[in-house]
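# Geometric and topological summary
As a plain string of letters, each chain reads:
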Amino acid sequence: MRDTEPQVAAGKVLWHFTMSLDGFVAGPDHAMEWMTGFTARPGLIEEYVETTGAILGGRDGFDAFPDADTAYGGAWKGQEFVLTHHPDDAPPTERITFLHCDVAEALRIALDAAGGKNVEIFSPTIGRQLLLLGLIDEIDLHIAPVLLGDGIRLFDNPGGAPIRLELVSGDDPHAVVNVRYRPVEAE
């Protein structure tokens, strides 16, 4: 299996996360310090900076990271939207617009603002809702070689039906992805 092709700005809706091998996109209380010390394909971050037109996230993520300059280490400077049930108590924040509407309308607003580039979904809850509505074009994951054991999962849908996916980066869209890691001794 090969790595994914470079991302292109095609007006797609990307559910995009770095995820632990056990399915967590953040630790407890949105902890993110676990995301250090990993390597990625050269130019990967720049690829997303160039192809992203807007970001749609949730209030819990905003409350944990209220600075718009946290996206891609401050390299990305576009419009961010935060979908929330309580916009009235949200602090005014540069480049962040708080939305109080249904998830499909929030996505429409973000797509309009993206100007033909991609919209990245930075929320497990919003991503799940959009996926169940058929509004996610791609799930774009970077699997980090770490087991967190606790935190915020990418996808929780207790009692829901399985959602089948097709592999984009391979000859067989139904192929299982094989990864092999070994534990590293604690220092």
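See above for the structure.
Residues numbered from 1 in each chain as written. Predicted model: local features only at pLDDT ≥ 70, side-chain atom pairs only at ≥ 80, totals over all residues. Heavy atoms only, no water.

Quick look at the overall build of the protein now. The secondary structure content of the protein amounts to four helices and eight strands. The order of α-helices and β-strands along the protein, N terminus first, is β-β-α-β-α-β-β-α-β-α-β-β. Here the C-alpha radius of gyration of the protein, 17 Å, is about what a compact globule of 187 residues would show, namely 16 Å. Each of the three principal axes of the protein carries a C-alpha extent, and together these read 50 × 40 × 40 Å. Counting contacts in the protein only where the partners sit at least 6 residues apart, residues at least 24 apart contribute 75% of the total. For the protein, the exposed area adds up to about 11400 Å²; of that, 53% sits on carbon and sulfur atoms. (Helix = DSSP H or I, 4+ residues; strand = E, 2+ residues; numbered from the N terminus. Rg over C-alpha atoms; globule rule 2.2 N^0.38 Å. Contact = heavy atoms within 4.5 Å. Areas by Shrake-Rupley, 256 points an atom, 1.4 Å probe, with all protein chains shown as cover.)

With that out of the way, let us pick up the packing of aromatic side chains. Within the structure shown, the criterion is met by four aromatic pairs. Considering the side-chain rings of Tyr 48 and Tyr 72, the 6.3 Å spacing of their centres and the 10° angle between planes classify their relative orientation as stacked. Here the residue Tyr 48 occupies a position in helix H1 (residues 44-51), and Tyr 72 occupies one in the loop between helix H2 (59-64) and strand S4 (79-83), the gap between them amounting to 24 residues. On the basis of relative accessibility, which here comes to 18%, the residue Tyr 72 falls in the buried class. (Phe/Tyr/Trp six-rings, centres within 6.5 Å; stacked < 30°, edge-to-face > 60°. Buried < 20%, exposed > 50% of the residue type's maximum accessible area, 1.4 Å probe, protein only.)

On the surface, a nonpolar cluster with roughly 610 Å² of combined accessible area is contributed by Leu 21, Leu 141, Ile 143, Leu 147, Val 177, Val 179 and Tyr 181. Of note, Ile 143 is situated in strand S7 (residues 138-144). Accessibility expressed as a relative area gives 40% for Ile 143, which makes it partly exposed. (Patch = residues over 30% accessible without salt bridge, like charges linked within 9 Å, V, L, I, M, F, W, Y side chains within 5 Å. Salt bridge = Lys/Arg side-chain N within 4 Å of Asp/Glu carboxyl O.)

Moving on, we come to the nonpolar core. Of all hydrophobic cores here, the largest spans 22 residues; its most connected members are Leu 56, Val 119 and Ile 121. Contact partners of Val 119, with chain neighbours within four places excluded, come to Lys 12, Val 13, Leu 14, Ala 54, Leu 56, Leu 107, Ala 110, Leu 111 and Ala 114. Ranked by size, the runner-up nonpolar core spans eight residues in total, among them Leu 14, Tyr 48, Ile 55 and Trp 76. (Core = buried A, V, L, I, M, F, W, Y, C linked by side-chain atoms within 4.5 Å.)

The next thing to look at is the pairing of strand S6 (residues 118-122). Counting buried positions along S6 gives four out of five residues, so the element sits mostly inside the fold. Bridge count for strand S1 (residues 13-20) against S6 is three bridges, and the pairing is parallel. Looking at S6, one finds that Val 13 is bridged to Val 119. Pairing analysis gives five bridges linking strand S3 (residues 52-58) to S6, with the strands arranged parallel. Considered in S6, the bridge of Ala 54 is made with Val 119. (Pairing = 2+ DSSP bridges.)

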